[in-house]
Structure formats: C-alpha cells, structure tokens
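Observations on chain architecture
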Amino acid sequence: MWSSVDGLDWKCTTEHAGWSPRSGLKSLSFDGKLWILEGSTGADVWCSLDGMNWTQAISNATGNGLFEPASSVFKDKLWILGGYSIHERSDVWNSGDGVNWIQITVSAPWLGRSSHAAMVFKNKLWIMGGVYHAPLPVDFNDIWCTSDGLNWTQVMANAPWHARFGHTVTFFDNCLWLIGGEYDEGIGIYERMYNFNDIWCSRDGVNWVQRNNAPGGPRAFHTAAAFDDKLWIMGGFNKRFSSTNDIWYLPSAGNEGEGENTNENESAVQPSTDFSFAGTTGGSFVPDYVTYTLTNLGVAAADYTVTVPQPMCGVRRAGETEGSSVLTMTLNAFESVSLEVYLTEAANGFAPGNYSGTVMFEDATTPGLVASREVELTVTPVGEGEGEGEQP
C-alpha cells in the first residue's frame, strides 16, 4: 500500500498487507479507519488505523466473495451494492461497524451488475452504469437513487453519456463528475472493448454536460478522488490490460458545499483574493496585470458582464492585447475563461497616493448574482516617500 500528502511524493506504507492479494476490491474511509471490502479472493472485510497494521473485521460479510461491487459510506454505515459472484447481483448490504452485516434487499429493482459506481449525493445513495454478463456483456447508463437502500427510484433510464463500466463518479465542486470507463459491444467477453476519456458533470444527477476530455487518454478501472481542493485521476487501464500509473488533477473552481452557497457566481471566480498594483509616478507599475478565471458552473449557457473601475483599469481576455472597461461574453455550461485586469495608460498620470476600485463579475442571465474583487493602486513619487492623492 502507498500513501501521499500531495499526489507527487509517495510512501510505501506496507509491501504486504494482512489481507490476501486481490483485485476488484473496494476501499473506504469510515469511523476513522481505512477499510478493504471483499474482492476477487473472498468476502472478508479488513480495517486499519494507519494503512500498515490490518485487522480482519469479518471473514465473510456477504456470503460470497464479490468482485467489483459498488461501495459507499452512507448514513454512518458501510454499504456494498451488487457485484459479481457466479453472476452479477443486485443485493444491497450495510454495516454500522464493519463486523455485523445486514442484507437490506436480496434484489433491488435495478438489474444485477458489477463495475458500477456508487456515491452519496443530496442525502441519497446513488448508483450509475455497470455491466451484466448474460452471458455476453450488457452495459448500462441508467441512474438510480435511494434514501434507505430498500426503496429505489430510477432517475434516468438512459443518461446522455454512453453505457459503460469501470468508470468513476466523484462529488467535487458541488457537482457529480463522471470520468472514463469501458464499453463492450457485446460480441464476446473482452473481444471488442473500448475505453472512454470523456468527462460529464451534473449538479442534480439529471442534467448532464460534457466537458473536455480527461488528460492522459482513455482509461477504465482507474481511481478518482476529491482531495486538497482538486479532483484527482490516477491509474487504470489505458487500453485493455495495459495499466498506467500516471496521476492528474483538476483545480477547484471554488464552488464549495452542496447547494448552500446562495451566491453561485461568487464561487465561480478564482482566485478569491483581492489584488493591488504599486509603482512610481508616471509608471511603471507591478504587476503588469492580474489573472482571474471565470467559470460557468450551471448546466446551461450564461451571459456574463465584467466591469472594472475607470479610468484606472481595463479588462481583456488572456493573451489579447486590447481591452476595455466593460467586457461581455457567453460561457457554455462548465466553460471557463481567463481574464486579465490591467492598469490603463491613465494610471501613469495619477498623483502620488492610494487609489481603489471594484471589479464586478455579473451573471447577466441570472441578475443579482455578482462577484466582486477589490483592486488597489499605490503611487509613490519618484525618489520620495508615499504621498496622498485625490481619487481620479
């Protein structure tokens, strides 16, 4: 087992954990411990406080060793959903301590499956996608959710993303992120399989928007996690049976929480800090400009207006040479744009003193949602200390 605090430097915690070698297992963080659930070699459950010393919680949790079930922590319990054992199953199990397991249902309304994704979202337990061998593979792109593990609601019979298995779904930046996975045409097991590198986002589990493809090429059976304000993608198969150990991350756009943030556009502007310029009378000033990233976190296109204080500042798209005091644009769902706020030539004529203003980011589609960043300019006389000037 390996661990890292930054995704760059990795430490081998133990070369041989107490549990038998296996694939198709699930790992979760629960009750202050790291847990390993089932897998290809048995139905046992193990836990550890440090990733080095492992204790077997139970030798047989679900009756048969489950390969590639879905798992999650929901309502202070460990959950195991479906998986493969002789055939794909649709049973649901949970445990409040990892030792005593209860079968919530023998057969949930969704078809038996393995290699599907499970996550907690909006106070419900969700599953998405997966595969069933009958005997040839049938892949799914349906979405189901439940508040108790027994009563399930089909949210979508066919999501806009292609049917798949071996994908990941992660909650990050107030959205569900579905990444990658594998598709089998059903001609024969492993005969015609394709990996995806698409990324889909949703703020409600119903309306999905496709983003740019994931870096590093197509992959399946990888790991994705939200950590340190970043969405991480690690490892997997880049094509059938060709493993990879690359690591990628996407920085947060700052949209924290799960719907509690009433000022959605504020959280769509990064960085969240104000900024300042400084220099001597007549210029030059440092920095040359400050870059902000504006992101549309909605599920539909939106119009934006960015206004800067005049005559001190201008705004332009990153990389462009011309700007103005007001910039308008339309951003598609989850689209981002980098903007540069700079000092105009007029600032060279400012008397010594301190000046300030406000940069406004407004969502014109949903009036009233405005983000603001304060800008300050300090002008000092050439060869002298700072003076006080009048606001231009």
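Please read all numbers here as calculations on a predicted model, not as lab measurements. (Residues numbered from 1 in each chain as written. Predicted model: local features only at pLDDT ≥ 70, side-chain atom pairs only at ≥ 80, totals over all residues. Heavy atoms only, no water.)

1. Some thoughts on the packing of aromatic side chains
Two aromatic rings, taken as a pair, are described by how far apart their centres are and by the angle between their planes. Using the criterion set out here, one finds 16 aromatic pairs in the structure. On the numbers, 5.7 Å between centres and 55 degrees between planes, the contact of Phe275 with Tyr292 is tilted. Residue Phe275 is found in strand S23 (residues 275-280), and its partner Tyr292 is found in strand S25 (residues 289-295); the two are separated by 17 residues along the sequence. Here Tyr292 falls in the buried class, since its relative accessible area comes to 1%. For the ring pair Phe350 and Tyr355, a centre distance of 4.8 Å and an interplane angle of 45 degrees mean the geometry is tilted. Ring-pair connections join several aromatic residues into one group, and the members of that group are Phe275, Phe277, Tyr292 and Phe361. In this structure, Arg113 is placed above the aromatic ring of Phe140, and the distance from its NZ or CZ to the ring centre is 4.2 Å. (Phe/Tyr/Trp six-rings, centres within 6.5 Å; stacked < 30°, edge-to-face > 60°. Helix = DSSP H or I, 4+ residues; strand = E, 2+ residues; numbered from the N terminus. Buried < 20%, exposed > 50% of the residue type's maximum accessible area, 1.4 Å probe, protein only. Lys NZ or Arg CZ within 6 Å of the ring centre and 35° of its normal.)

2. Here we look at the nonpolar core
Of all hydrophobic cores here, the largest spans 30 residues; its most connected members are Met329, Leu339 and Leu377. Of all the secondary structure elements, the ones that give two or more residues to this core are S23, S25, strand S26 (302-307), strand S27 (313-317), strand S28 (326-331), strand S29 (336-343), strand S30 (353-363) and strand S31 (370-380). Those residues in contact with Leu339 that sit more than four places away from it in its chain are Val290, Thr291, Tyr292, Leu294, Val306, Val315, Arg316, Arg317, Ala318, Leu327, Met329 and Phe361. Counting 15 residues, the second largest nonpolar core, distinct from the first, contains Ala117, Phe121, Trp126 and Cys145. (Core = buried A, V, L, I, M, F, W, Y, C linked by side-chain atoms within 4.5 Å. Contact = heavy atoms within 4.5 Å.)

3. With respect to the environment of Trp2
Here Trp2 is to be found in strand S1 (residues 2-4). Among the residues examined, Trp2 registers a relative accessible area of 57% and is labelled exposed. Along the primary structure Trp2 and Thr14 are separated by 12 residues, whereas in three dimensions their C-alpha atoms are 7.3 Å apart. Among residues more than four places away in sequence, those in contact with Trp2 are Trp10, Lys11, Cys12 and Thr13.

4. Section: the sheet that holds strand S15 (residues 168-172)
Pairing in this open sheet of 4 strands is antiparallel, and the strands run S15-S16-S17-S18 from one edge to the other. Each edge of the open sheet carries a strand with a single partner, namely S15 and strand S18 (208-211). The sheet shows a mean angle of 30 degrees between the axes of neighbouring strands, direction not considered. Judged from the 4 bridges that link them, strand S17 (residues 193-202) and S18 form a sheet pairing that is antiparallel. From the neighbouring strand, Ile199 faces S18, where its bridge partner is Arg211. (Pairing = 2+ DSSP bridges. Axes fitted to C-alpha atoms, helices over the stretch in contact; angles between N-to-C directions.)

5. A few points about the pattern of salt bridges
Throughout the structure, instances matching the rule amount to 8 salt bridges. The shortest N-O distance in the salt bridge between Asp91 and Arg89 comes to 2.5 Å. An identical accessibility class is assigned to Asp91 and Arg89; each is buried. The salt bridge involving Asp228 is made with Lys230; its shortest N-O contact spans 3.3 Å. According to the relative accessible area criterion, Lys230 is buried, its value standing at 17%. (Salt bridge = Lys/Arg side-chain N within 4 Å of Asp/Glu carboxyl O.)

6. Notes on the pairing of S29
Of all the 8 residues making up S29, 6 are buried; the element is thus mostly covered by neighbouring parts of the structure. Direction of pairing for S25 relative to S29: antiparallel, over a ladder of 7 bridges. Across the sheet, Tyr289 pairs through a bridge with Tyr342, a residue of S29. Alignment of S27 against S29, held across 5 bridges, turns out to be antiparallel. Paired with Gly314 across the bridge in S29 is Tyr342.

7. A closer look at the sheet that holds strand S14 (residues 152-156)
Strand order in the open sheet made by the 4 strands is S11-S12-S13-S14, with antiparallel pairing throughout. The strands lining the two open edges of the sheet, one partner per strand, are strand S11 (117-121) and S14. Between one strand and the next, the sheet's axes are offset by a mean angle of 30 degrees, whatever the strand orientation. Bridge count for strand S12 (residues 124-133) against strand S13 (residues 137-146) is 8 bridges, and the pairing is antiparallel. Residue pairing for S13: His133 is matched across the bridge by Pro137.

8. Things to note about the confidence of the model for the protein
When pLDDT is averaged along the protein, the result is 86, and 90% of the positions lie at 70 or above. Here residues 255-267 is a poorly scored stretch, pLDDT under 50, and it has 36 contacts once near neighbours within four places are set aside; other chains count. Below pLDDT 50 for its whole length, residues 385-392 participates in 21 contacts with residues either more than four positions away or in separate chains. (pLDDT = per-residue confidence, 0-100.)

9. A short note on the side chain of Asp198
By the element assignment, Asp198 lies in strand S17. On the basis of relative accessible area, Asp198 is assigned to the buried category, the value being 9%. Polar side-chain contacts of Asp198 include one of 2.8 Å to the side chain of Arg164. Those residues in contact with Asp198 that lie beyond four places of it in its chain are Arg164, Leu178, Ile179, Gly180, Gln210 and Asn213. (Polar contact = N/O pair within 3.5 Å; in protein donor to acceptor, adjacent residues only side chain to side chain.)

10. Quick notes on the environment of Pro309
Turning to its location among the elements, Pro309 is positioned in the loop between S26 and S27. Given the relative accessible area of 13%, Pro309 is considered buried. Along the backbone, Pro309 and Ser325 are 16 residues apart, and their C-alpha atoms lie at a distance of 7.2 Å. The residues touching Pro309, leaving out its near neighbours within four places in the chain, are Gly357, Thr358, Val359 and Val375.

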